[in-house]
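Commentary on secondary and tertiary structure
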Amino acid sequence: MQWDKVKNILIAILLTINLFLLGNLAVRGWQSHRRTSELEANLRTLVSARGMQLDTAFSFPEDITLPELSLDRSRADEEKIAAAMLGEHAERTEQEDGTVRFESDRGTLEWQADGNVQADYTLTESAPTSASEALEQARRLCSRWGFQAEQASWTAEDTVVTLTGSVAGLPVHNRRLTLDFSAGDGSVSLVGLWSFGTPYTTANGISITCSAADALLQFAAESGETGKIESMTAGYRMQTDSSRRIRLTPTWKIDTETGEYLVDCDKKTIIGEENLKTAFLYLKLL
C-alpha cells in the first residue's frame, strides 16, 4: 500500500513538471512569435518611410550564421569542358591575367580566373524555336559538356535558358550560366559565372551572421529604389580575392519588382543589381 502511494505521488510530480515545461515552452514560443511580428511590423514601417514596401506575401527570413568558404580554380575541369565542347584538338592560348581561350571549328570558349566564362558554339541540331525546346536542348548540351550543379535550377524565357546551382545546400546568387539560342545563325552563346570542386574553410576562416533586418534596412536606405520588395534569401556570392582565390561570401539576395540585388552580410553593403537581362547584355558586349 505504501509503495502505491509513493508511486502515485511520483507520477503526480512528473506530470506537474511536464505541464510546467510545456507551459514554459508555449510561453517562450508565443513571446518569440510576438517579437517576430513586432519586428516585421516595425520593418514595414521603416522601409515604407524610405519609399519602399514589403510585398503582402513577403516572408521575413530567420537570421543565419554562415562560414566564409574558398574554392580553387580547376584548370583540369576547364580543359575537360573545352574538350567536350570543342574537341580534344582545340587550340589553347593563355593570357597573363590567367584567362584561357580555346578555339576550334565548333566555336570558342574562354575561361577567366574569377570564374567568368563565355562561349559560342555551333549547334549540330536545329536551333530551338520555343522555351520548352530551348530548355530541353540546354539540358542536353550542359550534360554533354560537363556543367553539373547541385540542386540545379533551370528557367527559360523564349529561347534564353538560365542554369543556377547551389553549394553546400545554399544558393550561390551570382553562380549562373545563360544559354541564348536566339542568334538565328545555328549557334548558341553561353555566358556566366561558374565554379568547380568542393568549397572548404581556411585556417583563418570566419563565420558571419546574416541579419535579415540589418540587410533589409540597409538596402531600403541606400538602394535608391522604390516599389515592392518581394523576397530575400540567404546564400553566397562568388568573388575573387587579391591572390586570385575564389571565395564564397555570405550574402543576402533581395528580389524587388525591378530586379535582384545582393547585400553583403558582413559589410552590410549593396553589391549591385544582378538583373538577368542587364548582366546578359553586359557580358555579350565583352
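A brief structural summary. The residue count restarts for each chain, going from 1 along the sequence in the order it is written. Thresholds applied to this predicted model are a pLDDT of at least 70 for local features of residues and 80 or more for the giving and counting of side-chain atom pairs; totals over whole chains, interfaces and linings are not thresholded and use all residues. Working from all heavy atoms in the structure, the side-chain values ignore hydrogens and water.

1. Observations concerning the overall build of the protein
Secondary structure assignment for the protein yields five helices and 16 strands. Within the span of the protein, comprising 286 residues, buried residues form 39% of the whole. In what follows, a contact means two residues having at least one pair of non-hydrogen atoms within 4.5 Å. A sequence separation of at least 24 residues applies to 54% of the contacts in the protein between residues at least 6 apart. Reported accessibility uses the Shrake-Rupley method at a 1.4 Å probe radius. Residues are deemed covered only where the shown protein chains occlude them. Surface summary for the protein: the accessible area is close to 15,900 Å², and the carbon and sulfur share equals 51%. Numbering of helices and strands runs from the N terminus; a helix is a DSSP stretch of H or I covering at least four residues, while a strand is a stretch of E covering at least two. For each residue, the accessible area found with a 1.4 Å probe, counting protein chains only, is set against the maximum for its type, and the residue is called buried under 20%, exposed over 50%, and partly exposed in between.

2. What about the nonpolar core?
We call a set of buried residues a nonpolar core when its members are Ala, Val, Leu, Ile, Met, Phe, Trp, Tyr or Cys and they connect through side-chain atoms within 4.5 Å of each other. Judged by nonpolar contacts, the single largest core of 32 residues is most densely connected at Leu216, Ile229, Met232, Leu248 and Trp252. Among the elements that make up this core, the one with the highest residue count is helix 4 (residues 212-222) (six residues). Ignoring sequence-local partners within four residues, the contact set of isoleucine 229 consists of Val47, Met52, Gln53, Leu54, Asp55, Phe58, Leu216, Phe219, Ile254, Asp255 and Thr256. Counting 29 residues, the second-largest nonpolar core is a separate cluster that includes Ala119, Ala134, Ala138 and Phe196.

3. Regarding the state of the cysteines
Cysteine sulfurs are considered disulfide-paired once they come within 2.5 Å of each other. Applying the stated criterion to the full structure yields one disulfide. Here cysteine 210 is linked by a disulfide to cysteine 265, with a sulfur-sulfur distance of 2.3 Å. Negative torsions about the S-S bond denote left-handed disulfides, and the value of about 105 degrees found for cysteine 210 with cysteine 265 makes this one right-handed. Taken together, the positions of cysteine 210 in strand 12 (residues 207-210) and cysteine 265 in the loop between strand 15 (260-264) and strand 16 (270-273) put the pair 55 residues apart, joining distant regions of the chain.

4. Quick look at the pairing of strand 10 (residues 170-180)
Burial within strand 10 is extensive, with nine of its eleven residues counted as buried. In terms of strand pairing, strand 9 (residues 160-167) meets strand 10 through seven bridges, oriented antiparallel. Its bridge partner lying in strand 10, leucine 163 is registered against leucine 177. When DSSP locates at least two bridges between a pair of strands, those strands are taken to pair. In textbook terms, the turn of a hairpin is the stretch between consecutive antiparallel strands, and for strand 9 and strand 10 this stretch comprises two residues, one of which, alanine 168, has a positive phi near 55 degrees. Alignment of strand 10 against strand 11 (residues 187-193), held across five bridges, turns out to be antiparallel. Paired with leucine 179 across the bridge in strand 11 is leucine 190.

5. Quick notes on the environment of aspartate 214
Along the chain, the position of aspartate 214 falls in helix 4. Each C-alpha atom of the pair aspartate 214 and cysteine 265 lies 8.6 Å from the other, and the pair is 51 residues apart in sequence.

6. Quick look at the pattern of salt bridges
Here, a salt bridge means any side-chain nitrogen of Lys or Arg that lies within 4 Å of a carboxyl oxygen of Asp or Glu. What the rule picks out here adds up to 13 salt bridges. In this structure, arginine 247 and glutamate 68 form a salt bridge, with 3.3 Å as the shortest nitrogen-oxygen distance. In this pair, arginine 247 is assigned in strand 14 (residues 246-256) and glutamate 68 in the loop between strand 2 (64-67) and strand 3 (69-71), connecting sequence segments 179 residues apart. Of the charged contacts in the structure, one is a salt bridge between arginine 75 and glutamate 94, with a shortest N-O distance of 3.1 Å. In this pair, arginine 75 sits in helix 2 (residues 75-86) while glutamate 94 sits in strand 4 (residues 91-94), placing the two residues 19 residues apart along the sequence. Residue arginine 75 is classed as partly exposed on the basis of its relative accessible area, which comes to 34%. Residue glutamate 94 is classed as partly exposed on the basis of its relative accessible area of 41%. When salt bridges with common partners are traced through the structure, they connect Arg75, Glu79, Arg92 and Glu94 into a single cluster.

7. Here we look at a nonpolar patch on the surface
A cluster of nonpolar side chains, namely Ile9, Leu10, Ile13, Leu14, Ile17, Phe20 and Leu21, defines an oily patch on the protein surface of about 690 Å² accessible area. Relative to the helices and strands, leucine 14 resides in helix 1 (residues 2-49). Here leucine 14 falls in the exposed class, since its relative accessible area comes to 53%. Within the patch definition used here, like charges are joined within 9 Å and nonpolar side chains (Val, Leu, Ile, Met, Phe, Trp, Tyr) within 5 Å, considering only residues with over 30% relative accessible area and no salt bridge.

8. Notes on helix 3 (residues 131-145)
Taking 1.5 Å as the rise per residue, helix 3 with 15 residues should run 21 Å; its terminal C-alpha atoms sit 21 Å apart, in good agreement. Within helix 3 the residues assigned to the buried category are Ala134, Gln137, Ala138, Leu141, Cys142 and Trp145. End-on, the buried residues of helix 3 take up no more than an arc of 130 degrees, which puts them together on one face. Every exposed residue of helix 3 that faces more than 90 degrees away from the buried side is listed here: Ser132 and Ser143. Within two residues after helix 3, glycine 146 carries a phi angle of roughly 110 degrees, on the positive side. A helix's residues, less one, multiplied by 1.5 Å, set its expected span. An arc is given here, and it is the one of the directions from the helix axis to the C-beta atoms.

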